[in-house]
Amino acid sequence: MIRKIADGVYNVGAIDWERTLFDEIVPLPQGTSYNAYLVKGENKTAIIDTVEPEKLEQLIDNLEELKVDKIDYIVSNHAEQDHSGGIPYLLKRYPEAKVVTNAKCMGFEKDLLHLKDEDFIIIKEGDTLELGGKTLKFIMTPWVHWPETMTTYLMEDRIAFTCDFFGSHAATSHTFAEQYDRIYHEAKRYYAEIMMPFRQIITRNIKKIEELEPRIIAPSHGPAYSDPKFIIDAYKEWTSSETKNEVLILYVSMHGSTKKMVYALVDYLGEEGVEVKVRDLITSNLGEIAIDMVDVTTIILATPTMLAGPHPHAVYAAYLTNALKPKAKFVGIMGSYGWGGRTVDILKSNLGALKVEILEPLLIKGLPKKEDYDKIKEFAKIIAEKHREVGVMK
Ligand SMILES: Cc1cc2nc3c(=O)[nH]c(=O)nc-3n(C[C@H](O)[C@H](O)[C@H](O)COP(=O)(O)O)c2cc1C
């Protein structure tokens with residue numbers, strides 16, 4: 001399916017309606033797309049990014065339908081195979097084509113795709129490429145989400161091809177975002193899963209794209225944006241240091257004691273005027289957990305003690321929180337134990353990358369008793385007080 005972006009500019013990539021998992025961990029409830037953009041100048045033709053190799057057939061069909069018998073440049077914004085994986089095929093089909101990218105990306109593609117030095121034209125920040133009436137300018141946007149990532153800007157049409165940056169895992173036949181609620185949610189999920197660990201550097205990259213004053217933002221997953229402000233503002237909101245008056249509780253419980261503690265905390269936090277999100281680690285997937293983390297002020301890890309430490313699912317949650325680096329300001333640890341162990345130490349040792357205050361842990365023996373509920377109530381009061389201190393609650 002060819003999706004026209006502007007005169008001489010087409011999305012010739014693939015739509016993957018049925019894929020359910022990405023990177024062997026990220027669930028895809030809405031499928032995804034691998035957008036590849038054909039830009040036809042008066043003299044030269046370029047394609048910006050390719051598709052996941054499994055979906056090459058759709059790209060080939062689209063190129064045939066547009067009767068593309070020559071490609072001069074294959075611009076590669078990102079070396080990850082869902083965008084670069086089609087390059088070896090395109091080089092065979094269009095032997096005169098050169099891969100246009102930055103030096104870092106070339107290095108990765110030599111390793112990942114076994115491309116050779118002579119396959120490349122190397123560009124750097126601010127360089128331009130003339131196609132005849134259409135000029136591509138290259139803007140380095142590192143760490144969205146690999147070190148080599150860049151944006152290609154079509155100057156005359158003011159289109160920013162941002163690759164993963166501003167993308168969403170959404171299979172859709174719409175060329176441009178139309179169902180804004182749906183796309184906001186999918187773009188936020190994508191941000192949470194893929195971009196959140198690089199929040200600080202992304203802030204600088206948002207500015208770089210905004211300064212281009214693009215008319216269109218065309219990422220390599222999901223629909224393009226004919227209203228770039230929508231997605232730029234959303235990214236500004238997610239990356240800002242401001243958090244909401246919300247607590248996310250991630251819990252696991254074998255026999256229900258920790259769960260009782262969790263739901264008591266939910267009630268007490270409600271009484272204190274704090275919003276709560278609760279995720280059972282056994283039934284919640286990574287996407288749901290990640291999206292919930294984006295703007296909460298506090299994350300609570302709740303686990304029973306098992307084999308002298310936290311339940312392995314709680315270790316996973318701590319590891320994930322540490323890796324995703326949400327902007328939360330506080331982390332709490334709570335749970336039930338039988339006789340003792342290193343639950344708190346082990347969880348803390350998995351949280352070293354976070355700039356958070358770790359609250360005084362709350363561990364109780366067995367099923368919570370009357371005095372334990374008092375402690376949970378006190379825990380809720382402490383969290384509310386912390387939220388007041390950082391100004392997310394009056
Ligand atoms: C497989 C297993 C291993 C356990 N290992 C420990 C342990 O090493 N240290 C401890 O204090 N309690 C241990 N316990 C006891 C639990 O921590 C205790 O029963 C707790 O109340 C369970 O909380 P839950 O109902 O939320 O699952 C273990 C329980 C199970 C089922």
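Since we're looking at a predicted model, the values are computed, not measured.

1. Section: the confidence of the model for the protein
Moving on, step 1. Taken as a whole, the protein shows an average pLDDT of 97; of its residues, 100% reach a score of 70 or greater.
Moving on, step 2. Interface scoring of the predicted complex returns ipTM 0.99; its pTM is 0.95.

2. A look at the site of the ligand
Moving on, step 1. The full set close to the ligand counts 18 residues, and M254, H255, T258, P304 and G338 are the nearest of them.
Moving on, step 2. Elements represented by at least two residues in the shell around the ligand include exactly α8 (257-272), β20 (305-306) and β22 (330-337).
Moving on, step 3. Of the residues that constitute the shell around the ligand, the class distribution is 7 nonpolar, 11 polar and no charged.

3. Comments concerning the pairing of strand β1 (residues 3-6)
Moving on, step 1. Bridging between β1 and strand β2 (residues 9-11) involves 3 bridges; their strand directions are antiparallel. The partner of R3 across the bridge, within β2, is N11.
Moving on, step 2. With antiparallel pairing between neighbouring strands as the criterion, β1 and β2 make up a hairpin whose turn holds 2 residues, including G8 at a positive phi of roughly 75°.

4. Observations concerning the nonpolar core
Moving on, step 1. By size, the foremost hydrophobic cluster in this structure holds 111 residues, and its most contacted members are Y37, I74, I249, L250, M293 and L301.
Moving on, step 2. In terms of residue count, the dominant contributor to this core is helix α5 (residues 180-195) (7 residues).
Moving on, step 3. Two domains each donate at least three residues to this core, and these are domain 1 (3-239) and domain 2 (247-385).

5. Quick word on the domain arrangement of the protein
Moving on, step 1. Under the domain assignment used here, the protein contains domain 1 (3-239) and domain 2 (247-385).
Moving on, step 2. Placing the centre of domain 1 and that of domain 2 at their C-alpha centroids yields a distance of 38 Å.
Moving on, step 3. At the junction of the two partners, domain 1 supplies 11 residues and domain 2 supplies 12 residues.
Moving on, step 4. Elements supplying a minimum of two residues to the side of domain 1 that touches domain 2: β5 (26-27) and α5.

6. What to know about the sheet that holds β2
Two pairing modes exist for strands in a sheet, parallel and antiparallel, and in both the strands are linked by backbone hydrogen bonds.
Moving on, step 1. Taking strand neighbours across the sheet as the criterion, the 7 strands line up as β1-β2-β7-β8-β9-β10-β11 in an open arrangement whose pairing is mixed. Of all the strands in the sheet, just β1 and β11 (120-122) have a single pairing partner and so form its edges. The sheet shows a mean angle of 25° between the axes of neighbouring strands, taken without regard to direction.
Moving on, step 2. Taken together, the 4 bridges between strand β7 (residues 37-40) and strand β8 (residues 45-48) define a ladder with antiparallel strand orientation. Among the inter-strand pairings, L38 is bridged to a residue of β8, identified as I47.

7. Considering the sheet that holds strand β16 (residues 216-219)
Moving on, step 1. Pairing is mixed in the open sheet, where 5 strands are placed in the order β12-β13-β14-β15-β16. A single partner strand is all that each edge strand has here, and the edge strands are β12 (128-130) and β16. The mean angle between the axes of side-by-side strands here comes to 20°, regardless of whether they run parallel or antiparallel.
Moving on, step 2. Judged from the 4 bridges that link them, strand β15 (residues 159-163) and β16 form a sheet pairing that is parallel. Residue C163 lies in a different strand from β16, and its bridge partner there is P219.

8. Quick word on the UniProt feature "domain: Flavodoxin-like" (unreviewed entry) in the protein
Moving on, step 1. Using the residue numbers shown here, the UniProt feature "domain: Flavodoxin-like" (unreviewed entry) corresponds to residues 247-384.
Moving on, step 2. End C-alpha to end C-alpha, residues 247-384 measures 10 Å, and it is 43% helix and 26% strand.

9. Regarding unusual backbone geometry
Moving on, step 1. H145 follows V144 through a cis peptide bond whose omega is 25°.
Moving on, step 2. Considering the arrangement of structural elements, one finds H145 in the loop between β13 (135-140) and β14 (150-154).
Moving on, step 3. Of note, K67 is a non-glycine position whose phi angle comes to about 55°, a positive value.
Moving on, step 4. Tracing the sequence through the fold places K67 in the loop between α1 (56-65) and β9 (73-75).
Moving on, step 5. Residue K67 is classed as exposed on the basis of its C-beta count, with 6 C-beta atoms lying within 10 Å.
Moving on, step 6. With a phi close to 50°, L307 is a non-glycine residue in the positive phi region.

10. Here we look at the packing of α8 against helix α12 (residues 370-389)
Moving on, step 1. Viewed as axis vectors pointing N to C, α8 and α12 meet at an angle of 45°, and their least axial separation amounts to 9 Å. Taken together, the axis directions place α8 and α12 in an arrangement best described as oblique. Crossing angle aside, the handedness with which α8 passes α12 is right-handed. Here M261, A264, L265, Y268, L269 and E272 of α8 come into contact with α12, specifically with Y373, I376, K377, F379, A380, K381, I383 and A384.
Moving on, step 2. Here the contact of α8 with α12 is composed, by residue class, of 11 nonpolar, no polar and 3 charged.

11. Thoughts on the packing of α5 against helix α7 (residues 228-239)
Between two packed helices, what matters for the description is the angle formed by their axes and the separation of those axes.
Moving on, step 1. At a minimum axis distance of 11 Å, the contact between α5 and α7 shows a crossing angle of 45°. Taken together, α5 and α7 sit at an angle that is classed as oblique. Between α5 and α7 lies a crossing of right-handed hand. Residue-level inspection shows Y180, Y184, A187, K188 and Y191 of α5 in contact with α7, the latter providing F230, I231, A234, Y235 and W238.
Moving on, step 2. The class makeup of the residues in the contact of α5 with α7 is 9 nonpolar, no polar and 1 charged.

Basis of the calculations
- Residues numbered from 1 in each chain as written.
- Predicted model: local features only at pLDDT ≥ 70, side-chain atom pairs only at ≥ 80, totals over all residues.
- pLDDT = per-residue confidence, 0-100.
- Near = placed C-beta within 6 Å.
- Helix = DSSP H or I, 4+ residues; strand = E, 2+ residues; numbered from the N terminus.
- Nonpolar A, V, L, I, M, F, W, Y, C, P; charged D, E, K, R; others polar.
- Pairing = 2+ DSSP bridges.
- Core = buried A, V, L, I, M, F, W, Y, C linked by C-beta atoms within 7 Å.
- Buried ≥ 20, exposed ≤ 12 C-beta atoms within 10 Å, placed from the backbone.
- Domains from an automatic or database assignment.
- Contact = placed C-beta atoms within 7 Å.
- Axes fitted to C-alpha atoms, helices over the stretch in contact; angles between N-to-C directions.
- UniProt positions renumbered as here; feature names shortened; annotations may be inferred.
- Parallel < 35°, antiparallel > 145°, perpendicular 65-115°, else oblique.
- Left-handed = near helix turned anticlockwise from the far one by under 90°.

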